[in-house]
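Now for the letters of each chain:
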Amino acid sequence: MSHAWSARFVTPATELDGAPLLRGDVRLDPGHGEVASATLRWSALGVVEAWLGGRPVSADVLTPGWSAYEWRLRYAEHDVTRLLADGADTVLAVALGDGWWRGRLGWDPGCPPYGEQLAAIAELTVRFADGHVQVVGTDGTWRAAAGPTTADSLYDGQSIDARRHDPRWTQPDFDDSGWAGVRVVEHDLARLEPYVGPPVRRITELSPERVWTSPAGRVLVDFGQNLVGWVRVRVQGEAGSTVTLRHAEVLEHEELGTRPLRSAQATDRFTLSGGADVFEPTFTFHGFRYVEVDGWPGGVDAIGPEALTAVVVSSDLRRIGHFDCSEPLLSRLHENVVWGMRGNFLDVPTDCPQRDERLGWTGDIAAFAPTAVRLFDAEDFLRDWLRDLDLEQRHQDGLVPYVVPDLIRRMPNPPDFVPVDSTAVWSDAAVWVPMAVYRAYGDPTVLAETFESMAAHVRRVRSRLSEDGLWDSGFQFGDWLDPDADPHHPAEAKADRYVVATACIARSARLVAEAATVLGRAEEATEFATLADELRTSFNRAYVQDGKVKSDCTTVYSLALVFELLDPADRERAGKRLAELVAESGYHISTGFAGTPFIADALSSTGHLEEAYRLLLQTECPSWLYPVTMGATTIWERWDSMLPDGSINPGEMTSFNHYALGAVADWVHRVVGGLAALEPGYRRLLVAPRPGGGLTWAETSLETPHGLARVRWDVADGQLDVRVTVPEGTSALVRLPGAEEQQLEPGEHTLTATAP
């Protein structure tokens, strides 16, 4: 439930020449004994950091993140009892930045900000030993001044002038008599909601692996990993001199490769005080591996080992899924998927973290959700985002927009694919994401929260079906980023876009029927199961003949097979045809966003495991492992984001940290590793490793809701040895090659079979 606020949003009463600092006195009521407990709640129009008595309230950064601001603004809440333990009067202080509220967003330079002014709200509730409760919050008595941040933008970076920094400003004994006043800002406090998902925090730190001078004379730094965050700088130099850091993901021709950033400057500027300065630009974030440094006192040789530290930030998700195997390239691919998710799960599941975009594209998370919930405990993160999806959808007549929060509708110069309407995969996120969450964690809460959204999406598309029962009109992204498409026209795929669309809505209808059954909504279960059957019939009538699917390419077969749209005889022929097409491609990837998450399952489920392994382990472009051979440490947006000669793909849309095509990791865990869920939440496990591809061992583990599950297999001398950990309160069904099925109870087990 939302909190009943007595505090109000406040903003500086006068124009400031820097990011605002705000502070207010906290005078504890006397005569009530010791402080028994204290809670601080705070939020902002902008992003905010808070201190109490000179000490940080929490480790959170970029609070309150990005939500559907028109209808929902989140607030943070922390226990701050320890910060009031001495019972002395103190001060509450906050610093504000533009963030997503006032900063520029998206690639359209005319896109207006959500708001023109920054404001903060903070409320401290103190309970004393005798039961007395005191509430202190932001009001008209607070004071304001400009801080050391002279400019801040999520896209362009942050500028900090250390000469303007007085570390005493957060402390009670600081003299703020020269500060300006504040004024109260009217804002609907009913829109304030607590976080559902985790906050953004510093996750880890990396030191430079190399510092050198480029052929053009530029000082370059390599942190060895494409990451999301910023660089903490420790430096001393002449007062007023400036050190500049420009960030990018790759090098091109031995220099910083900035073209993929498009208009994002990704540049931080630090003006020195003359003393020993420490800069940390917490009001921005960058996607980068490399940094170009300009103006360092003493030049490249003076950059010591502690001078530059990359600070990795992300929503604070607990890692639950791991995989490793005998093929180092495949293990590295898996880690690239992990790093790609970590960088893009920054409050919103974004498409990319570096260029002038960083939006919550629904198609990306629709494709990736089963992998996301396998790698990290992403349940609350995705529930939080789905809350925004539902709000955006409710205000657009059931339409699930292409991005959530929906920035595209705010753009005065919208892209070619507007007016926006429902579109396959992207709008299907309303169904596919909550179902992936439910299946992973077994809690139907997410289905109860999102069912109306799920149903509204499918009903809206139902109203747009043709007389033939097909989704065969309107704009579709289709098999976006098909590797055979022109790099400048990523929607021009081999797969017929309406075959893709009809297959996807048939799947969504089936999943909504499943959700309705789980929730005990019998009438809706019948409604959507009937629609799914009708769509399946229409799909076969219009698009399938003797097992051949219209447009005869890998994506349409993958969708038809995995979504179970084909009759048994057609299924066998379609599986064979898919394997033929994969072989004809030289076992290179030939699918885009729609087909890639499903092609490995389509192959392995129709008896073509060898083809699936050859596709997975291909190292020539396009393939999953080609980027790994090129030194990638995250998943690329395009199969050839970097060409074999080391030049960047000529397309305007080229990112080196884009998790969607890493959706194969889910299959790797389930089929290569051999650990899958037979029931939602892993109440029953399926242990069915399928060795192949020359791998001699693989291991996968998962912290299920019931405890650790683990499968490790080794192949040697014609024998398959399997070790299994089954959590308490669960059981496992085991299927090994050439052996009969068996049931396992909780505990540790060792099994053997003949190696395939």
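Just so you know, these numbers come straight off a predicted model, no measurement behind them. Counting restarts for each chain, with residues numbered from 1 along the sequence as it is written. At least 70 in pLDDT is required for a residue's local features to be given in this predicted model, at least 80 for side-chain atom pairs to be given and counted, and no such filter applies to totals for whole chains, interfaces and linings, which use all residues. Hydrogen atoms and water are omitted, and side-chain values are computed over all heavy atoms in the structure.

Draft legend 1. How the structure looks around the overall build of the chain. Strands are runs of DSSP state E lasting at least 2 residues, helices are runs of H or I lasting at least 4, and numbering of each runs from the N terminus. The helix and strand tally for the chain stands at 14 helices and 38 strands. With respect to the three principal axes, the spread of C-alpha positions in the chain is 85 × 65 × 55 Å. Classification of the 756 residues of the chain by burial places 62% in the buried group. Taking as baseline every contact in the chain between residues at least 6 positions apart, the subset at least 24 positions apart corresponds to 74%. Each accessible area is a Shrake-Rupley estimate made with a 1.4 Å probe; only the visible protein chains count as cover when residues are assessed. For the chain, the accessible surface area stands at approximately 27,500 Å², while carbon and sulfur atoms represent 46% of it. Once the 68 positive and 110 negative side-chain charges of the chain are each reduced to a mean point, those two points are 1 Å apart. The classification of residues rests on relative accessible area computed with a 1.4 Å probe and restricted to protein chains. Under 20% of the type maximum is buried, over 50% is exposed, and intermediate values are partly exposed. For this analysis, residues touch if any pair of their heavy atoms sits within 4.5 Å. Charge assignment: positive for Lys and Arg, negative for Asp and Glu; neither His nor the chain ends contribute. To locate a charge, the coordinates of NZ of Lys, CZ of Arg, CG of Asp or CD of Glu are taken.

Draft legend 2. Structural detail: the pairing of strand 25 (residues 308–315). Most of strand 25 sits inside the fold, with eight of its eight residues counted as buried. Following DSSP output, two strands are said to pair if at least two bridges run between them. When strand 16 (residues 200–206) meets strand 25, the two strands line up antiparallel, connected through six bridges. Its bridge partner lying in strand 25, Arg201 is registered against Ser314. One ladder, built from five bridges, connects strand 18 (residues 219–236) with strand 25; its direction is antiparallel.

Draft legend 3. Layout of the nonpolar core. We call a set of buried Ala, Val, Leu, Ile, Met, Phe, Trp, Tyr and Cys residues a nonpolar core when their side-chain atoms join them within 4.5 Å. Core analysis: the largest hydrophobic core is formed by 222 residues, its most contacted members being Trp100, Phe345, Phe539 and Trp667. In terms of residue count, the dominant contributor to this core is helix 7 (residues 497–518) (13 residues). For Trp100, the residues in contact, after removing those within four places along its chain, are Val47, Leu62, Gly65, Trp66, Tyr69, Leu105, Tyr114, Leu154, Phe285 and Leu346. Ile160, Phe223, Val235 and Val293 belong to the second largest nonpolar core, which has 24 residues in total.

Draft legend 4. A look at the sheet that holds strand 38 (residues 747–754). What the five strands build is an open sheet, ordered 26-33-34-35-38; its pairing is antiparallel. Edge positions in the sheet fall to strand 26 (321–325) and strand 38, since each of these pairs with one other strand and no more. In this sheet, neighbouring strand axes are inclined to one another by 10° on average, regardless of whether the strands run parallel or antiparallel. As paired elements, strand 35 (residues 719–726) and strand 38 share eight bridges and run antiparallel to each other. Following the sheet pairing, Gln719 is matched in strand 38 by Thr754. Interaxial angles span 0 to 180 degrees and are taken between N-to-C directions of axes, which are lines fitted to C-alpha atoms, for helices over the stretch in contact. Lying on the sheet, helix 14 (residues 664–673) is in contact with strand 26, strand 33 (697–704) and strand 34 (707–716); it crosses strand 26 at an angle near 60°.

Draft legend 5. Layout of the sheet that holds strand 36 (residues 731–734). As summarised here, the arrangement of the four strands in space is 31-32-36-37, forming an open sheet in which the pairing is mixed. Where the open sheet ends on each side, the last strands, each with one partner, are strand 31 (675–677) and strand 37 (742–744). Across the sheet, the mean angle separating the axes of adjacent strands is 30° when strand polarity is ignored. In terms of strand pairing, strand 36 meets strand 37 through three bridges, oriented antiparallel. Paired with Leu733 across the strands is Gln743, a residue of strand 37.

No statement about biological role is implied by the geometric values presented.
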